[in-house]
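This is what each chain is made of:
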Amino acid sequence: MRIAVTGTHGSGKTTLVEDFVAATPGYEAVPEPYWLLVQQGVVFADGPSVADLEEQLKQSCALLLATSEANVIFDRCPLDFLGYLEVLSAAEGFEWSPDGKLLKRIEDALATLNLVAFVPLKSPDEIAVAIEYPKLRKRVDARLKTMLREDDLGLLADGPRVVEVTGTREQRVQQLTGELAG
């Protein structure tokens with residue numbers, strides 16, 4: 001099964017990916033595009049930027065389209081970057097939206113997935129330390145909830161199933177492994 005884990009920063013995505021791979025033999029984890037681009041020498045701005053997020057969106061699509069493994073779990077998917085781009089551009093005073101070519105590429109990339117596991121923020125927040133960009137984090141979480149629950153962009157109708165995983169680390173892994181049979 002091809003799975004992507006989505007959610008705002010600090011929601012527990014990477015932890016879920018690591019825990020899932022440890023509990024599920026035969027699955028390979030693909031790190032989030034940011035880290036793969038950094039390893040390639042890409043230098044990002046100091047703080048979130050539209051240009052950097054567009055680059056990560058393109059990388060996310062490329063990863064999904066190029067990875068042929070059947071049992072793989074991706075840390076992030078194009079939906080993450082769409083959420084960040086929409087929220088960040090609105091905060092900067094303009095509306096970002098993908099052109100038709102990019103939208104088609106996003107749809108094609110999402111169609112390679114069997115499942116998108118969404119990790120929403122908990123209330124109260126489980127992050128005890130200060131996290132970067134807390135307002136951005138909450139706004140992206142809200143945007144992702146709308147995108148995933150209502151498919152307001154029309155990207156999921158013929159694409160992967162979506163499941164929200166909540167609870168403790170162990171409960172999240174159990175919910176995700178329970179989806180393998182479904």
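Residues numbered from 1 in each chain as written. Predicted model: local features only at pLDDT ≥ 70, side-chain atom pairs only at ≥ 80, totals over all residues. Heavy atoms only, no water.

Draft legend 1. Representation of the pairing of strand S1 (residues 2-6) within the structure. The buried fraction of S1 amounts to 5 of the 5 residues, a majority that puts the element mostly inside the structure. What you see with S1 is no split at all: Arg2, Ala4 and Thr6 on one side and Ile3 and Val5 on the other are buried throughout. In this structure, S1 lies alongside strand S3 (residues 72-75), joined through 4 bridges in parallel fashion. Pairing of Arg2 across the sheet is with Val72, part of S3. (Buried < 20%, exposed > 50% of the residue type's maximum accessible area, 1.4 Å probe, protein only. Helix = DSSP H or I, 4+ residues; strand = E, 2+ residues; numbered from the N terminus. Pairing = 2+ DSSP bridges.)

Draft legend 2. Expanded view of the pattern of salt bridges. Here the structure, examined in full by the defined rule, presents 9 salt bridges. One salt bridge in this structure joins Arg143 and Glu86, with 2.4 Å as the shortest N-O distance. Taken together, the residues span a long stretch of sequence, with Arg143 in helix H6 (residues 134-150) and Glu86 in helix H4 (residues 78-91) at a distance of 57 residues. You'll find Arg143 and Glu86 in the same group, each marked buried. With a shortest N-O distance of 2.6 Å, Glu164 and Arg149 are connected by a salt bridge. Pair noted here: Glu164 is in strand S5 (residues 161-164) and Arg149 is in helix H6, with a separation of 15 residues, a long-range link. Given the relative accessible area of 52%, Arg149 is considered exposed. Residues participating in the shared-partner salt-bridge network are Glu32, Arg76 and Asp80. (Salt bridge = Lys/Arg side-chain N within 4 Å of Asp/Glu carboxyl O.)

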